[in-house]
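In case you want the letters, here they are:
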Amino acid sequence: MASLLLRHAGTRTGVHRLPHHPPSLLRHRHPLSNAHLTTPSRQLHVRSVSILSGIGKLAGRTAGRGALGLGVGAGALTWAEWKVDGFKQNAVSTLSDINDRLGTAYDVASTSISSAFRSATEQGAETYDSISETASTLFAETAVGVEQRLSRLRERFREAFERDGTEEEPSEDTEAPPRKKGKKPQRDPAPAAAIAAAAAAALPIVVDAEEPSNDSNEDLMLLTRKLIEIRSILLSIGEEAGLTLPSIVVVGSQSSGKSSVLEAIVGREFLPKGDNMVTRRPIELTLIHTPATSSNPRPTTFAEFPSLGPGHITDFSLVQSTLVDLNLSVPASECVSDSPIQLRIHSPHVPDLSLVDLPGYVQVASMDQPEELKDKIAALCDKYIRSPNIILAVCAADVDLANSPALRAAKKVDPLGMRTIGVVTKMDLIEPAQGAAVLTNGRYPLALGYVGVVCRAAKHASSSRSLLRRNNPSDEEGALIGPIRAQEEAFFGGNGEAFSREGVMVGTDTLKKRLMHVLEESMASSLHSISNAVALELEEASYQFKVQYNDRAISAESYVAETLDQLKAKINALGKGFAKKDVRRLLKSFLDEQVLDLLASQYWVDSRTPELGSLANDRSISPDDLDVYWQRKLDALSSSLTKSGIGRASTQLVVDAIRARLATLAAEEPLLYHPDATERINATADAILRERFALTSDQVENSVKPFKYEVEVDRAEWEVGRLQSVDLLQRELGMCEAALGKIRDAVGGRKLRGAMEYVGEMDEKERRRRERRREGRAAGAEDWQADELDDTADPTRPAFNPALLAKAREAMFLSSRSSILRLRLLALKSRRCKAGPEQKAFCPEAFLNIVADKLSSTAVQFINIELLVEFFYQFPRDLDIRLSHNLEREEIVRFARENPVIAKHLALQERKEKLELVAEKLDSLVKLQRDKQQQQHGGRNRQDARRGLFGMF
Ligand SMILES: Nc1nc2c(ncn2[C@@H]2O[C@H](COP(=O)(O)OP(=O)(O)OP(=O)(O)O)[C@@H](O)[C@H]2O)c(=O)[nH]1
């Protein structure tokens, strides 16, 4: 754009620039879609039977059968009370034992059932109502995965009864009353069903403490592993309720031995230790069992931090120090953070488990710990111990369980202790008999029981690490496993009478197995509900993906490639804007400005210039007759134009124009969202421009060298130059008049005229004063100073404010500039100027215009070859290298996500893909489970046909 330049009088090169407004940069707004898409309500097919309908059916069936077969009695209430009160303390352990040990389960279950049965038969149908009510209450209390658990429990009960059936034949008549003492009672399944249902509903976790067969072990590992895998995928989707699979959460007070237990499970020392509250974030630990295979007979143990990128760490001291760093990234003032650290450990020595290590409960905060520490840790633990997670409550044996904050917190969220395992550490610090009593304590019963461990020998507590290492000098995989096992065998084996009692569980190996089974059971019981939740989420994500993106899949890579293509297309278009004619126009307008500046400073302020106009009109004067003054003036101007460093200036001009165009690209799509990439693009451009600059400017300078000595002009060129300078002067005149008009409009014509007259008078007065002073000084007069009157003291002086006077002065300048321009235009249009180049001294504007034209035409050739062609060839190629070839995958993803529209698209797409993957994995697991169940049912149905009575389960 031609700048509005009005050349000021008074300075040689002084330029008065009227305020002008740069063209506004039109930023292209990104068409962010704000459209709200409504999701139509859709029906979800819930695979599980509704809880209430399940309860209703069961209760109805139970009551119906009771009513048919039994009388009514008052003992029902007593039984029900016993059931409710005692359930928590005795029946919980009884029922869990039913599940834990199928062998002993039947005896225990049958005792409970027979007692219920006896009461029921004696007391009649009311008993059944009470039982049903108890069952229903318990159902309602723990209504999670009812149908699943019910069917499992049905199976277990059936198995238990099946075994019993081998001892006694069931009666054909299901409704007949039980036989009296001496005869084996005939079991009506109704009370058993009620208890079974109650237990099923109340028992989210059913542990089989017996060693599973190899087959079931493999299934179990497969299921757990796959569910852990699914859990990790779900975690990466988000923490939405319903989309979480259970994990084992380790809670306990500080120094209760949590880290020691976890390390004993993993067989490696890897957790942060220290007094300065080193666990400040939850550590989500995923253990992945890597069995030896023929291709990898000795798999190594390694850890990885998914958030820190891929990398297998085999040095566990590095894992430890990394955990310390990640924990300490939470400032002490913040106490704890709920942003988890994810850690995966692959090893042939670990089972498939997912565990979460949490900061230890603070019982008494030390002086330097913030007040809110205790509450913050408790809140963090509360968040993690929610259902469906399994709580691993770690308590030290030498501290009374009544004081265990872990048990207290667990009891709040799991009052029946159905998903809490107690781990009693430091068993070596108390008497064995006392230790065994702690493990079988009835005061805080847990369905999953207590396991006693010794993870650090007391006498070696301080040097245990080195001791364990010495015991295992090769520091083999699972370095802690052997020594801890030996240590526990020595301790628990050495105190056999205390610890080999029925129901006492000890040892890290037992704990590991128990955890595996508990987790597997818990995860398996979540299978249907999670499948439904995933199906629902997937349906929603697919619908949104269809509606919002018409199922168009994108990838970060494709976005980068598209962006680069767009960018290259823009650069190509930009290159087209630098065609020779465009660059020539650019250079010419730059030189025109210079010519106008030179004319303004050398001619338009020269008082003799009007005289040059009248001389031009005098036909009697030939160019040779013209005062040499004018010829010299023109030569000086021409040479200052050609010697003004045109090479450098014109190259700089083009470079600046390229950079300015690139800056506008940065404000448009696709670069709008990518400031870092824009910086890289600019750096790439600058590097090429810098490299080409010196060569180009030298070439241009050399090419214009001849014009420094002589500029030859033919007639045709002269005429073109003359007409162009007429245009130029007319434009300048137009700008002058427009500026003058603006002032007049702002001030008002009369007021401006008055102010201009006043300024004229003042100037005249000043001129006269100066003259008098000069004359006075020349005459040696002493009193010339007396003449220096202050004009402001003049009472006749009108009240013009300084701003108005400044405007008046500007208007006067513009009007005198307009007059001279009009004169010059007349001269340029005169016969003299039309005559030809030999008249150049009369028409300097036309001549200088031709010089500027020649300079720009010559310069453009070299600027094009040396700068533009090279730049527009090299630039897209360098961008390819810098923007796509050298990018890491993470950088590509980060780049794509910078664009909010793409980030949203990718997020939904990724969510949908992950949900699809999870749904697929879950489906195969559900199928596997169903096949397994069908196999079992097949076998059982045949037996049921024989058994008859229990076919209903
Ligand atoms: N005697 C004995 N000492 C143990 C046993 N288990 C752990 N210790 C010691 O108890 C102390 C605390 O153990 P940690 O495993 O660090 O306890 P923690 O609960 O993780 O502690 P914080 O991380 O501070 O909450 C350490 O000195 C262990 O050596 C054990 O079975 N017997």
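The name given to the protein in an unreviewed UniProt entry is dynamin GTPase, with the source organism recorded as Rhodotorula taiwanensis. As stated in UniProt under Catalytic activity (unreviewed entry), the record for the protein gives "GTP + H2O = GDP + phosphate + H(+)".

Caption draft 1: Layout of the overall build of the protein. For the protein, the helix and strand inventory stands at 29 helices and eleven strands. Buried residues in the protein amount to 49% of all 953 residues. Expressed as a percentage of contacts within the protein between residues at least 6 apart in sequence, the contacts between residues at least 24 apart total 84%. Surface accessibility of the protein: about 46200 Å² in total, with carbon and sulfur atoms responsible for 52%.

Caption draft 2: Quick peek at the nonpolar core. Phe578, Trp604, Val654 and Phe875 are the most contacted members of the largest nonpolar core, which has 101 residues in total. Setting aside its immediate chain neighbours within four residues, Phe875 contacts Ile571, Leu662, Ile681, Thr684, Ala685 and Ile688. With 68 residues, the next largest nonpolar core counts Ile228, Leu243, Val518 and Leu925 among its residues.

Caption draft 3: Looking closely at the packing of helix 19 (residues 609-617) against helix 25 (residues 802-829). It is the contact of helix 19 with helix 25, at a shortest axis distance of 9 Å, that shows an interaxial angle of 25°. It follows from the interaxial angle that helix 19 and helix 25 lie roughly parallel. Helix-helix and strand crossings are classified by hand; for helix 19 and helix 25 the assignment is left-handed. Contacts from Thr609, Pro610, Leu612 and Gly613 of helix 19 reach helix 25 at Ile820, Leu823 and Arg824. Along the lines of polarity and charge, the residues of the contact of helix 19 with helix 25 split into four nonpolar, two polar and one charged.

Caption draft 4: How the structure looks around the pattern of salt bridges. The final tally for this structure, using the stated rule, is 31 salt bridges. Across the pair Arg769 and Glu766 runs a salt bridge whose closest N-O atoms are separated by 3.3 Å. Taken together, the residues span about one helical turn, with Arg769 and Glu766 both in helix 24 (residues 749-779) at a distance of three residues. Residue Arg769 is classed as buried on the basis of its relative accessible area of 15%. Owing to a relative accessible area of 25%, Glu766 belongs among the partly exposed residues under this scheme. Put simply, Glu764, Arg767, Arg768 and Glu771 are held in one network by salt bridges that share partners.

Caption draft 5: Focus on the packing of aromatic side chains. For the structure on display, the rule yields ten aromatic pairs. Ring centres of Phe578 and Phe872 lie 6.0 Å apart, and the angle between their planes is 35°; this geometry places the pair in the tilted category. Linking Phe578 in the loop between helix 17 (556-576) and helix 18 (580-604) with Phe872 in helix 27 (residues 844-885), this pair joins segments that are 294 residues apart in sequence. Seen in terms of ring centroids, Phe871 and Phe875 are 4.9 Å apart; in terms of plane orientation they differ by 25°. Their pairing is stacked.

Caption draft 6: Main features of the pairing of strand 9 (residues 420-425). In terms of burial, strand 9 is largely enclosed, as six of its six residues are buried. As paired elements, strand 8 (residues 390-396) and strand 9 share six bridges and run parallel to each other. Its bridge partner being in strand 9, Leu392 is matched across the sheet by Ile421. Handedness of the crossover is the feature at issue here: the chain leaves strand 8, passes through helix 11 (residues 405-413), returns alongside strand 9, and the resulting connection is right-handed. Relative to strand 10 (residues 450-452), strand 9 is paired through three bridges, and the arrangement is parallel. Each bridged residue has a counterpart across the sheet, and for Val423 the counterpart in strand 10 is Val451.

Caption draft 7: How the structure looks around the state of the cysteines. All chains considered together, the criterion is met by one disulfide. Between the sulfur atoms of Cys833 and its disulfide mate Cys843 the distance is 1.8 Å. Taking the sign of the torsion about the S-S bond as the criterion, the disulfide between Cys833 and Cys843, at about -110°, is left-handed. Here Cys833 is found in helix 26 (residues 831-835), whereas its partner Cys843 is found in the loop between helix 26 and helix 27, with ten residues between them in sequence.

Caption draft 8: Inspection of unusual backbone geometry at higher detail. Ser387 connects to Pro388 through a cis peptide bond whose omega is 10°. Locating Pro388 in the fold gives a position in the loop between helix 10 (373-384) and strand 8. Despite not being glycine, Asn550 shows a phi value in the positive range, around 50°. Inspection of the secondary structure puts Asn550 in the loop between helix 16 (508-549) and helix 17. For Asn550, a relative accessible area of 55% gives the class exposed.

Caption draft 9: Main features of the packing of helix 14 (residues 481-494) against helix 16. Axis separation between helix 14 and helix 16 bottoms out at 9 Å; the angle between their running directions is 115°. Considered as vectors, helix 14 and helix 16 are oriented roughly perpendicular to each other. Between helix 14 and helix 16, the residues in contact are Ile481, Ile484, Arg485 and Glu488 and Thr508, Asp509 and Lys512, respectively. Classifying every residue of the contact of helix 14 with helix 16 by side-chain character gives two nonpolar, one polar and four charged.

Caption draft 10: Spotlight on the site of the ligand. The environment of the ligand is made up of 15 residues, and the closest members are Lys258, Ser259, Ser260, Cys455 and Arg456. Here Lys258 contributes a side-chain N or O atom positioned 2.7 Å from an oxygen atom of the ligand. In isolation the ligand exposes 640 Å². Once the protein is present, 81% of that is buried. Considered class by class, the residues forming the shell around the ligand number four nonpolar, seven polar and four charged.

Caption draft 11: Looking closely at the side chain of Asp414. Summarising the element assignment, Asp414 is placed in the loop between helix 11 and strand 9. Here Asp414 is buried and forms no salt bridge, its nearest opposite-charge partner Arg419 lying at an N-O distance of 4.5 Å. Within the structure, the side chain of Asp414 is placed 2.8 Å from the backbone nitrogen of Arg419, a separation counted as a polar contact. Ignoring any residue separated from it by four or fewer positions in sequence, one finds Asp414 in contact with Ile391, Arg419 and Thr420.

Caption draft 12: Fine view of the sheet that holds strand 6 (residues 341-347). Pairing within the open sheet is mixed, and its nine strands lie in the order 5-6-4-7-3-8-9-10-11. The open sheet has two free edges, formed respectively by strand 5 (302-304) and strand 11 (505-506), since each of these has just one partner strand.

What counts and what doesn't
Residues numbered from 1 in each chain as written. Predicted model: local features only at pLDDT ≥ 70, side-chain atom pairs only at ≥ 80, totals over all residues. Heavy atoms only, no water. UniProt positions renumbered as here; feature names shortened; annotations may be inferred. Helix = DSSP H or I, 4+ residues; strand = E, 2+ residues; numbered from the N terminus. Buried < 20%, exposed > 50% of the residue type's maximum accessible area, 1.4 Å probe, protein only. Contact = heavy atoms within 4.5 Å. Areas by Shrake-Rupley, 256 points an atom, 1.4 Å probe, with all protein chains shown as cover. Core = buried A, V, L, I, M, F, W, Y, C linked by side-chain atoms within 4.5 Å. Axes fitted to C-alpha atoms, helices over the stretch in contact; angles between N-to-C directions. Parallel < 35°, antiparallel > 145°, perpendicular 65-115°, else oblique. Left-handed = near helix turned anticlockwise from the far one by under 90°. Nonpolar A, V, L, I, M, F, W, Y, C, P; charged D, E, K, R; others polar. Salt bridge = Lys/Arg side-chain N within 4 Å of Asp/Glu carboxyl O. Phe/Tyr/Trp six-rings, centres within 6.5 Å; stacked < 30°, edge-to-face > 60°. Pairing = 2+ DSSP bridges. Right-handed = clockwise from strand over helix to strand, strands pointing away. Disulfide = S-S within 2.5 Å. Near = heavy atom within 4 Å. Polar contact = N/O pair within 3.5 Å; in protein donor to acceptor, adjacent residues only side chain to side chain. Lys, Arg positive; Asp, Glu negative; His and termini not counted.

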